[in-house]
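Listed below are the residues making up each chain.
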Amino acid sequence: MSVFELSGRKALVTGGAQGLGEGMAKALAEAGATVVIADIQEEAGRTVAKGLASDSDREHGFVALDVTSDDNWERAVSEAVEHLGGLDILVNNAGIEITSLITEIQADQVRKMLDVNILGTALGMKHGLRAMRPDGSAGNGGSIINVASVAATIAFPGIAIYSGTKSAVERMTKVAAMEAGKLGYGVRVNCIFPGLVPTAMGAGLANDVAELGLFPSPEAAVGAVVELTPAGRLGAVDDMADAVVFLASDASRFITGIGLPVDGGMGM
Ligand SMILES: NC(=O)c1ccc[n+]([C@@H]2O[C@H](COP(=O)([O-])OP(=O)(O)OC[C@H]3O[C@@H](n4cnc5c(N)ncnc54)[C@H](O)[C@@H]3O)[C@@H](O)[C@H]2O)c1
C-alpha cells in the first residue's frame, strides 16, 4: 500500500460545500478516506458529500457546522465520529475574506474575520484534538491540517486583517503541534499557505482590489499575482487538495508544526 493511501481513514472537512474545501474532500475520498463535510451551507454540502468517490465500505456524510460556535463544534465532531466510527483527519478550511483598505476598516467586518478564521480554527483544533487524543471519542491520533494563506507570508494590499488572521492560523498551528506532541496525543498539526485560486473567494478578491483602485482591473490584479509567482500561473483547487492529502497521509508522518507554501513560489 502506498504511503499516500488513505484507505480506512476518517476525515472531517470544514467549508467543504464549495471551493477549496470541496476539492479537498474529493481528493481525500479519492485517496480512500471516508469523509464528512461540515459547512453552514447545508444543501450544497450534502450535494458535495453525495458526489464523493465511494464504494460499498464507505458512506460519506454531512454535518451542519458554524465554525464560530463552540456548541456547534461539540455536536458536529460527535456526529462525525459516530457516523465515521472514528476520526483521523481534520481539515480546518472554512474561512472568509473581506477586502478593505486599512483606513476604511469596519469593526464588525474585522470581528467577523477574526471569528471565522481565528476562533473557528482554534475551536476546530480544540474539538479535533479532544476527539483524536488517546482518551478521546475517536482515540486513535491523526492529522489536523489548517488552511492559512500566502497572505500570511507577503504584503498584498487590501487584505491587512485577513492576512493577520492567517498569520494567527500559522502561529496557532505551531503551538498546537507542540502541545499535541508534548502531551502524547499522537496528532500532527500542520497548515498550508495556498496561493491565489480563482474560487468564489479568490475571484472576489481580484474584483475588490480593482474596485479599491489598487489595480486598474481585476485582470491586472491577477496579472500582478502571476507576475510575482515563479511557477507563472494562479493556483488550482487540485494543487491545494493534493497538499492536504500529503499532510493527511503517512507520507508526512515526521512532519508537524509546519506551514507548507502551496503558492508556486509567490511567498518565498
Ligand atoms: N481562494 C483563494 O485564493 C485562497 C487563497 C488562500 C487561502 N484560502 C483559504 O482557503 C479556504 C477556502 O477558501 P475558498 O476559496 O474555497 O473560499 P469559498 O468562499 O469559496 O468557500 C468557503 C467555504 O467556507 C464556508 N464557511 C464560511 N463561513 C463558515 C462558517 N462560519 N462555518 C462553516 N463554514 C463556513 C462557506 O460556506 C464555503 O463553503 C479559506 O480558509 C480561505 O481563506 C483561499
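Report follows, based on the coordinates. (Residues numbered from 1 in each chain as written. Predicted model: local features only at pLDDT ≥ 70, side-chain atom pairs only at ≥ 80, totals over all residues. Heavy atoms only, no water.)

### Let's talk about the packing of aromatic side chains
The geometry of an aromatic ring pair comes down to the distance between the two centres and the angle between the two planes.
Next up, step 1: Under the defined criterion, the tally for this structure stands at two aromatic pairs.
Next up, step 2: Relative to Phe246, the ring of Phe4 lies with its centre 6.4 Å away and its plane at 35°, an arrangement referred to as tilted. With Phe4 in the segment before strand S1 (10-14) and Phe246 in helix H8 (residues 237-248), this residue pair connects regions lying 242 residues apart in the sequence. (Phe/Tyr/Trp six-rings, centres within 6.5 Å; stacked < 30°, edge-to-face > 60°. Helix = DSSP H or I, 4+ residues; strand = E, 2+ residues; numbered from the N terminus.)

### Digging into the site of the ligand
Next up, step 1: If you check the shell around the ligand, you find 29 residues, and the closest are Leu20, Asp39, Asn93, Tyr162 and Thr199.
Next up, step 2: Between the ligand and Asp66, the relevant distance is 3.0 Å, taken from a nitrogen atom to a side-chain nitrogen or oxygen of the residue.
Next up, step 3: Taken by itself the ligand offers 830 Å² of open surface, and the protein chains cover 93% of this.
Next up, step 4: For the shell around the ligand, the leading source of residues is helix H6 (residues 200-211), giving three residues.
Next up, step 5: Its residues assigned to classes, the shell around the ligand comprises 16 nonpolar, 10 polar and three charged. (Near = heavy atom within 4 Å. Polar contact = N/O pair within 3.5 Å; in protein donor to acceptor, adjacent residues only side chain to side chain. Areas by Shrake-Rupley, 256 points an atom, 1.4 Å probe, with all protein chains shown as cover. Nonpolar A, V, L, I, M, F, W, Y, C, P; charged D, E, K, R; others polar.)

### Topic: the sheet that holds strand S7 (residues 259-262)
Next up, step 1: Across the sheet, which stays open at both edges, the seven strands sit in the order S3-S2-S1-S4-S5-S6-S7 with parallel pairing between neighbours. Pairing within the sheet leaves two strands with one partner each, and these edge strands are strand S3 (61-64) and S7. Averaged over all adjacent pairs, the angle separating strand axes in this sheet is 20°, with direction ignored.
Next up, step 2: With four bridges connecting them, strand S4 (residues 89-92) and strand S5 (residues 142-147) associate as parallel partners. Residue pairing for S5: Ile89 is matched across the bridge by Ser143.
Next up, step 3: Taken strand by strand, helix H5 (residues 160-182) contacts S5, strand S6 (187-194) and S7, and its axis lies near 165° from that of S6. (Pairing = 2+ DSSP bridges. Axes fitted to C-alpha atoms, helices over the stretch in contact; angles between N-to-C directions. Contact = heavy atoms within 4.5 Å.)

### Focus on the pairing of strand S2 (residues 34-39)
Regular strands show a simple pattern: their side chains alternate between the two faces of the sheet.
Next up, step 1: Burial of S2 is extensive: six of the six residues sit out of reach of the surface.
Next up, step 2: As judged from the five bridges shared by S1 and S2, these two strands associate in the parallel manner. Its bridge partner lying in S2, Thr14 is registered against Ala38.
Next up, step 3: Pairing of S2 with S3 involves four bridges; the strand directions are parallel. For Ala38, the partnering residue across the bridge sits in S3 and is Val63.
Next up, step 4: Handedness of the crossover joining S2 and S3 through helix H2 (residues 42-50) is recorded here as right-handed. (Buried < 20%, exposed > 50% of the residue type's maximum accessible area, 1.4 Å probe, protein only. Right-handed = clockwise from strand over helix to strand, strands pointing away.)

### Examining the pattern of salt bridges
Next up, step 1: Applying the stated criterion across every chain, the model contains eight salt bridges.
Next up, step 2: For Lys126, the salt bridge identified is with Asp70, shortest N-O distance 3.0 Å. Of this pair, Lys126 sits in helix H4 (residues 107-132) while Asp70 sits in helix H3 (residues 70-84); the two residues are 56 residues apart in sequence, bridging distant segments of the chain.
Next up, step 3: Accessibility expressed as a relative area gives 29% for Lys126, which makes it partly exposed.
Next up, step 4: A salt bridge links Asp239 to Arg233; the nearest nitrogen and oxygen atoms lie 2.8 Å apart.
Next up, step 5: The exposure class assigned to Arg233 is partly exposed, which follows from its relative accessible area of 44%. (Salt bridge = Lys/Arg side-chain N within 4 Å of Asp/Glu carboxyl O.)

### Regarding the environment of Met113
Next up, step 1: Relative to the assigned elements, Met113 resides in helix H4.
Next up, step 2: Placed 53 residues apart in sequence, Met113 and Lys166 show a C-alpha to C-alpha distance of 9.9 Å.
Next up, step 3: Setting aside anything within four residues of it in sequence, one finds Met113 in contact with Ile96, Glu97, Ile98, Ile118, Ile161, Tyr162 and Thr165.

### Comments concerning the nonpolar core
Next up, step 1: With 34 residues, the main nonpolar core has Leu12, Trp73, Leu87, Ile144, Val187 and Val189 as its most contacted residues.
Next up, step 2: Secondary-structure elements contributing two or more residues to this core are S2, H3, H4, H5 and S6.
Next up, step 3: Apart from residues lying up to four places away in sequence, Trp73 is in contact with Leu12, Thr14, Leu65, Val67, Leu90, Asn92, Gly120, Leu123, Gly124 and His127. (Core = buried A, V, L, I, M, F, W, Y, C linked by side-chain atoms within 4.5 Å.)

### Here we look at the packing of helix H1 (residues 19-30) against H8
Next up, step 1: Two elements in contact, H1 and H8, have axes whose closest approach is 8 Å; the angle formed by their N-to-C orientations is 50°. As summarised for this structure, H1 and H8 are arranged oblique, according to the angle between their axes. Between H1 and H8 lies a crossing of right-handed hand. Contacts from Gly19, Leu20, Gly23, Met24, Ala27 and Leu28 of H1 reach H8 at Val237, Met240, Ala241, Asp242, Val244, Val245 and Ala248.
Next up, step 2: By residue class, the composition of the contact of H1 with H8 is 10 nonpolar, two polar and one charged. (Parallel < 35°, antiparallel > 145°, perpendicular 65-115°, else oblique. Left-handed = near helix turned anticlockwise from the far one by under 90°.)

### Details of H6
Next up, step 1: Compared with an ideal rise of 1.5 Å per residue, which puts 12 residues at 16 Å, H6 spans 16 Å between its outermost C-alpha atoms and is within 8% of the ideal.
Next up, step 2: Among the residues of H6, those classed as buried are Gly202, Leu205, Ala206, Val209 and Ala210. One side of H6 carries all its buried residues, which in axial view fall inside an arc of 130°. Away from the buried face of H6 by more than 90 degrees, exposed residues Ala200 and Glu211 are located.
Next up, step 3: Where H6 is buried, its residues meet helix H7 (218-227). (Expected span 1.5 Å × (residues − 1). Arc of directions from axis to C-beta.)

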